[in-house]
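Chains, contacts and geometry: an overview
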Amino acid sequence: MMRAISPAIDALTATTLDSHNPTTKLLTLMADSYFQTSFETLSTHTITHAANALAEIFAANVAEFSTKADTTKPNLELFHITRIKQYVFKNLNNPELSIQNVSQALEISPAHIHRLFKVEEQTFSAWIWARRLLACKLALQDPAKSHLTISQIVYSCGFNKPSHFSRAFRTKFGTTAREWREKMIVSAQALKAADK
């Protein structure tokens, strides 16, 4: 999951985080808060969002130490990349989402979007695919979505060709979507049994 959010994470193994860095302070505060939270009293939906939030703040912290960290980019580039990513996250379920849609909605040329994503270690299209695959993976392990078929989840995450999704999911995560879902169900059942 963290590789999908922060592709450079493997190069940062054993990196010491600066406790004076504002992003590290925020991560520490969030992590401390999570350790003190009784998650068993929260809905699965809430827990999933909380986990995603912690993963994203961790990714922001990792970016501080990346050789191509956002801090090396001019503020205007950061502003545009943030706008682009926010737009994509809000529209991830739209199968028509493309660089042209983003370009028109945000009034940024496609060429400029491509330039901005050169430092992301992925093309813009690859970045969208990675986000969609991660969204599917998280949805497949979410007990609140267990009533949905895999195809319904795939379509809800913006994929319009299940066969493309299946190949991409296996390539990215080393397992099929069905195998992943079954593994998560077994894990959840084992946790429930252990709690009793």
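Numbers given to residues run from 1 along each chain, matching the order in which its sequence is written. Restriction of local features to residues with pLDDT of at least 70 applies here, the model being predicted, together with a cutoff of 80 or more for giving and counting side-chain atom pairs; totals for whole chains, interfaces and linings are based on all residues. The basis for every side-chain value is the complete set of non-hydrogen atoms in the structure, without hydrogens or water.

We now examine the overall build of the chain. Each helix and strand in the chain was counted, giving ten helices and zero strands. Secondary structure elements are defined from DSSP: runs of H or I of at least 4 residues count as helices, runs of E of at least 2 residues count as strands, and each element is numbered from the N terminus. Along the chain, helices (α) and strands (β) appear in the sequence α-α-α-α-α-α-α-α-α-α when read from the amino end. Burial status follows relative accessibility: with a 1.4 Å probe on protein chains alone, a residue under 20% of its type maximum counts as buried, one over 50% as exposed, and anything between as partly exposed. Burial statistics for the chain: of 196 residues in total, 35% are counted as buried. Partitioning the intrachain contacts of the chain with sequence separation of at least 6 by distance along the chain shows that 66% fall at a separation of at least 24. Of the roughly 12,000 Å² of accessible surface on the chain, a fraction of 56% belongs to carbon and sulfur atoms. Contact criterion: two residues are considered in contact whenever any of their non-hydrogen atoms come within 4.5 Å of each other. Computed with the Shrake-Rupley method and a 1.4 Å probe, the accessible areas treat only the protein chains shown as cover for residues.

Bringing the packing of aromatic side chains into the picture now. Any pair of Phe, Tyr and Trp rings, taking the six-membered ring for Trp, is counted once the centres come within 6.5 Å. Such a pair is stacked with planes under 30 degrees apart, edge-to-face with planes over 60 apart, and tilted for the rest. One pass over the full model with this rule turns up seven aromatic pairs. Consider the rings of Trp-129 and Phe-159, whose centres lie 5.0 Å apart with planes at 70°: the pair is edge-to-face. Of this pair, Trp-129 sits in helix H7 (residues 124-140) while Phe-159 sits in the loop between helix H8 (150-156) and helix H9 (162-173); the two residues are 30 residues apart in sequence, bridging distant segments of the chain. By relative accessible area, Phe-159 is classed as buried at 4%. Summarising the aromatic geometry, the rings of Phe-165 and Phe-169 are spaced 5.4 Å apart at their centres and angled 45° between planes, so their arrangement reads as tilted. Remark: Phe-169 and Phe-165 occur in helix H9; sequence separation between them is four residues, near one turn of the helix. Considered together, Phe-165 and Phe-169 belong to a single accessibility category, that of buried residues. Each member of the aromatic cluster is reached from another via a ring pair, and the members are Trp-129, Phe-159, Phe-165, Phe-169 and Phe-173. Across from the ring centre of Trp-180, 4.5 Å away, lies the NZ or CZ of Lys-137, which sits over that ring. By definition, being over a ring means that NZ of Lys or CZ of Arg is both within 6 Å of the ring centre and within 35 degrees of the ring normal.

To continue, consider the nonpolar core. Think of a nonpolar core as a cluster: buried Ala, Val, Leu, Ile, Met, Phe, Trp, Tyr and Cys residues, connected wherever their side-chain atoms sit within 4.5 Å. Leu-133, Leu-140, Phe-159, Phe-165 and Phe-169 are the most contacted members of the largest nonpolar core, which totals 16 residues. Mapped by element, the contributors of at least two residues to this core are H7, H8, H9 and helix H10 (177-195). Beyond its immediate chain neighbours, meaning those up to four positions away, Leu-133 contacts Phe-159, Phe-165, Ala-168, Phe-169, Lys-172 and Phe-173. Core analysis: the next-biggest nonpolar cluster, separate from the first, contains 15 residues, Ile-81, Ile-108, Phe-117 and Phe-124 among them.

Right, let's get into the environment of Ala-53. By secondary structure assignment, the location of Ala-53 is in helix H3 (residues 44-63). Among the residues examined, Ala-53 registers a relative accessible area of 35% and is labelled partly exposed. Separated by 23 residues in the primary sequence, Ala-53 and Met-30 place their C-alpha atoms 9.2 Å from one another. Among residues more than four places away in sequence, those in contact with Ala-53 are Met-30 and Tyr-34.

This paragraph deals with the side chain of Ser-103. Mapped onto the secondary structure, Ser-103 falls in helix H5 (residues 99-106). When neighbours within four sequence positions are excluded, Ser-103 is seen to be in contact with Ile-108, Ser-109, Pro-110 and Ile-113.

Unusually for a residue other than glycine, Glu-107 sits at a positive phi of about 60°. Mapping Glu-107 onto the fold places it in the loop between H5 and helix H6 (110-117).

Multiply 1.5 Å by the residue count of a helix minus one, and that product is the helix's expected span. For H3, with 20 residues, the first-to-last C-alpha span of 28 Å sits near the 28 Å given by 1.5 Å per residue. For H3, the complete set of buried residues consists of Ala-50, Ala-55, Ile-57, Ala-59, Asn-61 and Val-62.

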